[in-house]
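So you can see what is in the structure, the chains are spelled out below.
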Amino acid sequence: MKLSAEWKFGLLFAVLALLLIIFRFQEQMTLKPGSVISQWGDGYKAYTVIQYHVKNDSTYSHFEGMNYPYGEHVIPGACQPTLSNLLKLVNDYLFEIPTWTIIPIIHYSIFLSYLLCLLFLYLILRKLKLPVWYSMIVALGLGFMNPQGIRLVSHYGLSHPEVLPITLYLLLLYDERPGWKVSLWMMVAVFIYSGIHFYYFAIMAFTVAFYFLFRFLSEWDWKKVPLYAGHFGVMLIIPFAFFQLWLHDPEITDRTAQPWGFFAYRTFWEGLVTNPYLPLYQWVDQKIINIRDLNVENVSYVGLIGGLVFLGLLFRWIFSAFRKPFVRQDVPKKSWLNHLVYAALVILIFSFGVPFTFSGWDIYLDYTGPVQQFRSIGRFAWVFYYVVNLVVFTLLYQWAFAKSNTTRKIILGFALVVLLVEAYQTAYQKDYEIKEIKTVRTGNSIRDQIGLDFDQFQATLPVPYYNIGSDAFWLTIQGYTAQHSLTLGVQENLPTTAAMLTRTSAGQITKQLQLVSEPYRAPQVLDDYPNTKPLLLMWDLELNSDYLHQKFGHLLEGATVLGEYGEDFDHVRFYSLPLTSFNYRIVKRKRDIQASMERDSNLTKVGAFLSSDSLETFVYKSFDEQNGEKVYLGEGAFKGVMKDKNVLYAGPIPNQQIRPYHVAFWMYIQKDRYTRAELLIREIDPNTGAEIQKWQGGVHRHLWTFDINGWAMFEHVFTPQSADSHIEVSISKRVLGDRPLWVDELLIYPTESMIYKETPEYIWKNNRHFPKGE
């Protein structure tokens, strides 16, 4: 069959694009086992969750490798089900896929996505009637300068730059000839990419929805509304309904409605017109003007040419009082370009967080339904990147060749050079260096190295413990045990109690934290375990030993050491941790408190308490005089309103000295976002009212004692600078509005002191109480 000239040029471009991708990513295309771009954090997790799902999970919907014994759905589990379930089908029904090959497959899926990005950009530009040579140059420039490239350091699901070029191309086909075939292809694309990362559903949905809106506004033909509604339903409503049903779990009702990050991970204008990773803007930052510190979520750089030309077009549009269209030149697909420009501008404004970033407007985010689920709205600016540059480079070509003017053509040539230079620099802004995970090599697995029978354990418990994703608590990854627990999970089908997931059930995470926090109540999670096998405790020997023993040392009580090695395994010690040891530690602690009270003859009676100090040195407020709907201990509890400044205590500490004091109180946390409340401790001069010092911090970072009834104890060490000052303790969270706050049992006491109390029902020490007779 004889190919047309268009096909020949298209194939030529595909070959050229493929060669450039191979040239750029030749190191990352290695098939050597254990070769990864990122060996830590989100990046390594992204590899192992896919590996675990393909090789170990029992279903296609649920990821069992973390948050044991609950696991998580494959979408919030970041398993990329479009890819992983395809591999799992092959592994389950056709042939066994070697585990080590899954990492190269992940890499190659991203390289394929680059090729698709370049091809669809080329196709769009050709549809805009731009010449082959020009379309090739611009497609290469825009494809390699894409704002998602930097995600290759960790967020592989978000590293697929073809998503929006495919979306725009399908909308272009729809604009040419509205038909159900195009709508079905869009639906397929939405299904595929929502299964790579669910943010793509939101980004594609915003793009399609606003395109339809501005197309309707330009025609104002109500007769077409049913037709548009039908196509919109096929493109988006059917996939949305499917994912809603697939994700629905009636047993989990406590996922956060508003994950943290909406106001931090948004677009800033500096990230739109500068790129802190490129040499030009690093020079500007150092030599001319300081550029705001930006993270990867804030950067969606449109390019020097795209930004400058668009700014000029924007001013022209504004000066016309918006009476003329944004694109007014007589260019192919003019109406399509205008619809997309308006859509992209609206989406860009949203990516800035408008209007919720206006002073006092953040509280209205609660009323936006699913919109408040977006923690990284800066990603929506990707739409603007593609649309703006397609418009700019289309108009630049039209302007340069509208007249026989050499100067214009030189300017166009300069613009193309700048585009290619920035594309090259962006493609190399990170080296994406390949690292080797030694324990993934054949014959060098963790089992090969230490010879343990991992079948005798039901899950791992890594120390330091990590748990990220619920947005109720943030226990970040430290040391080597995170990498090794994830590797071990893949190799031995041994899940971990830790988690790096998304929108995880707050109740499940609270149960997990009961497991590793100080011995206080029998961890509820033990009741959910399917068997009585011990846990495999993995202890990092490289981190600060004092810190780990202070926070997690109690876990070693009742644990049996199994072994360690250091050369290839980065100094990790293994312990067998029987489930019975958790209750043993609670009983032991209770006995130790009772014994201390009985044998210490130097305790001083202070009201109903016994103190290790000879004088009264502490503040205690039971709040029993208040009638609280939620009560932790006693007859009452403090009830406030989250948006208010809730003063729990204001006054002096008896016999106050300049030494560390513990500020401790119990707080009801079993409500969405309650752990994000802010505590403020102020030291005040009682004579002048002047503030001597203050400390402010999130409650979630200072909760390490959990009861099983929804209460947890806040504890923080604060050192007064004066012996004559007053201390004010308050708590609030303005964005939670009128939601009730419940606090009970406030105790402020010197760090080295022991405060005891005994009643017929319980024994009490330093704000912890243990019921008698248990």
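Being a predicted model, the structure only gives us computed values, none of them experimental.

Caption draft 1: Focus on the overall build of the protein. When its secondary structure is counted, the protein shows 20 helices and 25 strands. Relative to its length of 774 residues, the protein is compact, with a C-alpha radius of gyration of 30 Å against a globular reference of 28 Å. With respect to the principal axes defined by its C-alpha atoms, the protein has extents near 100 × 65 × 55 Å. Sorting the 774 residues of the protein into buried and exposed places 56% on the buried side. Looking at the protein alone, contacts between residues at least 24 apart form 76% of all its contacts between residues at least 6 apart. Approximately 32,900 Å² of the protein is accessible, and the part contributed by carbon and sulfur atoms is 58%. Between the mean site of the 68 positive side-chain charges and the mean site of the 69 negative ones, the protein shows a separation of 12 Å.

Caption draft 2: Structural detail: the side chain of Glu518. With respect to the helices and strands, Glu518 occurs in the loop between helix H18 (506-516) and strand S8 (535-540). Since its relative accessible area comes to 11%, Glu518 is described here as buried. Within polar-contact distance, the side chain of Glu518 engages the side chain of Thr705 at 2.3 Å. Look past the residues within four positions of Glu518 in its chain and what remains in contact with it is His554, Arg589, Trp704, Thr705 and Arg768.

Caption draft 3: Region of the structure containing the side chain of Asn146. Secondary-structure assignment places Asn146 in the loop between helix H5 (132-144) and helix H6 (163-176). Overall, the relative accessible area of 1% leaves Asn146 in the buried class. At 2.9 Å, the side chain of Asn146 and the backbone nitrogen of Gly149 are in polar contact. When residues no more than four places from it in sequence are discounted, the contact partners of Asn146 are Tyr114, Pro161, Tyr385, Tyr386 and Thr426.

Caption draft 4: Just the environment of Ile684, in detail. When you line up the elements, Ile684 lands in strand S17 (residues 678-684). Exposure remark for Ile684: the relative accessible area of 15% places this residue in the buried category. Residues Ile684 and Pro660 lie 24 residues apart in sequence; the distance between their C-alpha atoms is 16 Å.

Caption draft 5: Up close: the packing of helix H7 (residues 180-194) against helix H9 (residues 225-247). Orientation of H7 relative to H9, taken along the N-to-C sense of each, is 25 degrees, at an axis distance of 9 Å. Accordingly, the angle class assigned to the pair H7 and H9 is roughly parallel. Regarding H7 and H9, the two cross each other, and that crossing is right-handed. Contacts between H7 and H9 pair Trp180, Ser183, Leu184, Met186, Met187, Val190, Phe191 and Ser194 from the former with Leu227, Gly230, His231, Val234, Met235, Leu236, Ile238, Pro239, Phe242 and Phe243 from the latter. Taken together, the residues of the contact of H7 with H9 break down into 14 nonpolar, four polar and no charged.

Caption draft 6: Inspection of the packing of aromatic side chains at higher detail. Applying the stated criterion to the full structure yields 70 aromatic pairs. Here a set of aromatic residues connected by ring pairs shows up, and it is made of Tyr199, Phe206, Phe210, Phe262, Phe263, Phe350, Phe356, Phe374 and Phe380. Between Lys88 and the ring centre of Tyr60, over which it is positioned, the NZ or CZ distance is 5.6 Å. The positively charged end of Lys630 is found above the aromatic ring belonging to Trp742, 5.8 Å away from the centroid.

Caption draft 7: Structural context of the sheet that holds strand S11 (residues 604-606). Strand order in the open sheet formed by five strands is S11-S12-S23-S24-S25, with antiparallel pairing between adjacent strands. Taken across any chain shown, the strands that pair with only one partner, and hence form the sheet edges, are S11 and strand S25 (768-771). Strand after strand, the sheet turns through a mean of 25 degrees between neighbouring axes, direction not considered. Bridge analysis of strand S23 (residues 755-758) against strand S24 (residues 762-765) gives three bridges, and the strand direction is antiparallel. Bridging from a neighbouring strand, Lys757 pairs with Trp764 of S24.

Caption draft 8: Summary view of the pairing of strand S19 (residues 703-706). Examined bridge by bridge, S19 and strand S20 (residues 711-718) share three bridges and lie antiparallel to one another. If you follow Thr705 over to S20, its bridge partner there is Met713. As consecutive antiparallel partners, S19 and S20 are separated by four residues, and within that stretch Gly710 has a phi angle of approximately 90 degrees, a positive value.

Caption draft 9: Main features of the nonpolar core. One finds Trp336, Phe380, Phe393, Leu461 and Met667 to be the most contacted residues of the largest nonpolar core, which totals 226 residues. Here the element with the most residues in this core is helix H14 (residues 381-401); it accounts for 16 residues. What Phe393 contacts, discounting residues up to four positions off in sequence, is Tyr134, Val138, Leu142, Ile305, Ala415, Leu416 and Leu419. Listed in part, the 10 residues of the second largest apolar core include Phe454, Phe457, Val572 and Phe574.

Caption draft 10: Just the packing of helix H13 (residues 334-351) against H14, in detail. Axis separation between H13 and H14 bottoms out at 8 Å; the angle between their running directions is 145 degrees. For the pair H13 and H14, the sense of crossing is left-handed. Side by side, H13 and H14 meet where Leu337, Leu340, Val341, Ala344, Leu345, Ile347, Leu348 and Ser351 of the first sit next to Ala381, Val383, Phe384, Val387, Val391 and Thr394 of the second. Of the residues contributing to the contact of H13 with H14, the split by class is 12 nonpolar, two polar and no charged.

Basis of the calculations
Residues numbered from 1 in each chain as written. Predicted model: local features only at pLDDT ≥ 70, side-chain atom pairs only at ≥ 80, totals over all residues. Heavy atoms only, no water. Helix = DSSP H or I, 4+ residues; strand = E, 2+ residues; numbered from the N terminus. Rg over C-alpha atoms; globule rule 2.2 N^0.38 Å. Buried < 20%, exposed > 50% of the residue type's maximum accessible area, 1.4 Å probe, protein only. Contact = heavy atoms within 4.5 Å. Areas by Shrake-Rupley, 256 points an atom, 1.4 Å probe, with all protein chains shown as cover. Lys, Arg positive; Asp, Glu negative; His and termini not counted. Charge placed at Lys NZ, Arg CZ, Asp CG, Glu CD. Polar contact = N/O pair within 3.5 Å; in protein donor to acceptor, adjacent residues only side chain to side chain. Axes fitted to C-alpha atoms, helices over the stretch in contact; angles between N-to-C directions. Parallel < 35°, antiparallel > 145°, perpendicular 65-115°, else oblique. Left-handed = near helix turned anticlockwise from the far one by under 90°. Nonpolar A, V, L, I, M, F, W, Y, C, P; charged D, E, K, R; others polar. Phe/Tyr/Trp six-rings, centres within 6.5 Å; stacked < 30°, edge-to-face > 60°. Lys NZ or Arg CZ within 6 Å of the ring centre and 35° of its normal. Pairing = 2+ DSSP bridges. Core = buried A, V, L, I, M, F, W, Y, C linked by side-chain atoms within 4.5 Å.

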